[in-house]
Amino acid sequence: MSQVLDTADIPARDREETIRHAVWESLVRIDIDHHLPPDDLAAHIGLDTAGPLGICSARATSMTIRRTPRLAREDEEPAVFLGLQVSGTSMVVQNGRQALLRPGDLALYDTVSPYTLLFDEGVDHHFVRFPRAALALPERALRDVTAVTLGPGNPVAGLASTYFSQLVVSAGLRSGPHADAVAEPSIELVRAVVATQLGSQDLARAPMEATLSLRIRRYMRAHLADSDLSAARIAAAHDISVRHLYTVLARSGISLGDWIRSHRLEECKRELAGPQGRSRTIAAVGRSWGFVDATHFSKVFRKAYGVSPRDWREENRPRPPR
């Protein structure tokens, strides 16, 4: 794992907050209820990535993890987690179902809906985070398979258990050129597990159109800083016509130009208020987010926020203590 957190090196009073911060920053925003007092709390957490996948391997004292309704509504990139039980038992609760996991069992759960993870015996678990758009599963299929024990009676799930167990512990598979090479097979394997579990022969072929809007937005976010981001480029990246692109976005209530401009402005606003924005010119910040004309950037920024980029930066400049 490229990042390892071990609470043995952390003062007892800081352990809960350190664990929460690491998980929030690397994986997902959750509430954690530790069953033991801080002096007895222990955790060893490895965090890494493999292309677009987030990977976590955790051993810890007993806890309950909750993705509350409030957290589920937050504006994060939607994700699907695959949980793999290593030893002991745990339970995944979502969508009115409970999945009891024993060693080698898998379960899926979705960040856009509340869920609870119960680790009454302690945590010995692998977590793999998939961008929901990359997984490209239809809404109904995903809802039907969350919080379901995947393992007994599903030979593809057994294969996935072996595969992901190896992926999580093998740093060589997640580094350099191997990272992107394992991402797509990992995604396809999860799709195959779901298709097998639901008995759907068409599931592997059907989800792409159903999740096209999500994948388009994910692409636009990833390329927001590119000055040549255009309808033609976005359409080509998804093997659709420009006309179909506009139709898909319209169904989601999105105007392409407005979406790109507003999200670029938000990134500029955030950067100008921070230390990086204070060390660069206003024009350079605008250019870094696709605004090639400094005058146009200042005009649209003022129209959106009622203040010029320069004044916004000054308002957020740290003041020396009195």
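Predicted model only: the values in this text are computed from it and were never measured. (Residues numbered from 1 in each chain as written. Predicted model: local features only at pLDDT ≥ 70, side-chain atom pairs only at ≥ 80, totals over all residues. Heavy atoms only, no water.)

1. Comments concerning helix α1 (residues 15-26)
- Taking 1.5 Å per residue as the helical rise, α1 with its 12 residues ought to reach 16 Å, and the 17 Å between its terminal C-alpha atoms agrees with that figure.
- Three or more residues of α1 are buried, namely Arg15, Ile19, Ala22 and Val23. Buried residues in α1, looked at end-on, bunch into an arc of 90 degrees, giving them a common side.
- Tucked into the core, α1 has its buried residues touching β1 (3-6), β2 (31-34) and β3 (43-50). (Helix = DSSP H or I, 4+ residues; strand = E, 2+ residues; numbered from the N terminus. Expected span 1.5 Å × (residues − 1). Buried < 20%, exposed > 50% of the residue type's maximum accessible area, 1.4 Å probe, protein only. Arc of directions from axis to C-beta. Contact = heavy atoms within 4.5 Å.)

2. What about the sheet that holds β1?
- Across the sheet, which stays open at both edges, the 6 strands sit in the order β1-β3-β4-β11-β6-β9 with antiparallel pairing between neighbours. The open sheet terminates on both sides in strands that have one partner only, identified here as β1 and β9 (106-110). Each strand axis lies, on average, 15 degrees off the axis of its neighbour in the sheet, ignoring direction.
- Bridge count for strand β6 (residues 79-85) against β9 is 5 bridges, and the pairing is antiparallel. When the sheet's bridge partners are listed, Leu84 is paired in β9 with Leu106.
- Contacting β4 (53-60), β6, β9 and β11 (123-131), helix α5 (residues 155-169) crosses the sheet at an angle of about 95 degrees to β11. (Pairing = 2+ DSSP bridges. Axes fitted to C-alpha atoms, helices over the stretch in contact; angles between N-to-C directions.)

3. What to know about the pairing of strand β7 (residues 90-94)
- Covered by surrounding structure in β7 are Ser90, Val92 and Gln94 only, the residues Met91 and Val93 on the alternate face being uncovered.
- Relative to strand β8 (residues 97-101), β7 runs antiparallel, the two sharing 5 bridges. Residue Val93 lies in a different strand from β8, and its bridge partner there is Gln98.
- In this antiparallel pair of consecutive strands, β7 and β8, the connection spans 2 residues, and Asn95 shows a positive phi of 55 degrees.
- As paired elements, β7 and strand β10 (residues 115-119) share 3 bridges and run antiparallel to each other. Residue pairing for β10: Val93 is matched across the bridge by Thr116.

4. Examining empty space enclosed by the protein
- Throughout the structure, instances matching the rule amount to 2 cavities of 30 Å³ or more.
- Taken together, 18 residues form the lining of the largest cavity, with Val23, Ile30, Cys56, Ile65 and Phe127 sitting closest to its centre.
- Every element with two or more residues in the lining of the largest cavity is listed here: α1, β4, β5 (63-67), β10 and β11.
- Among the elements that line the lining of the largest cavity, the one with the most residues is β4, at 3 residues.
- Partitioning the lining of the largest cavity into residue classes produces 18 nonpolar, no polar and no charged.
- Reported here for the second largest cavity is a volume of approximately 30 Å³.
- Lining the second largest cavity, in full, are Leu82, Leu106, Leu108, Leu150, Val190 and Val193.
- Every element with two or more residues in the lining of the second largest cavity is listed here: β9 and α6 (178-198).
- Counted by class, the lining of the second largest cavity contains 6 nonpolar, no polar and no charged residues. (1 Å grid on protein atoms, 1.4 Å probe; cavity = no way out; pocket = protein on both sides within 12 Å on 5 of 7 lines; lining within 4 Å. Points joined across faces, edges and corners; volume = space filled by probe spheres on them. Nonpolar A, V, L, I, M, F, W, Y, C, P; charged D, E, K, R; others polar.)

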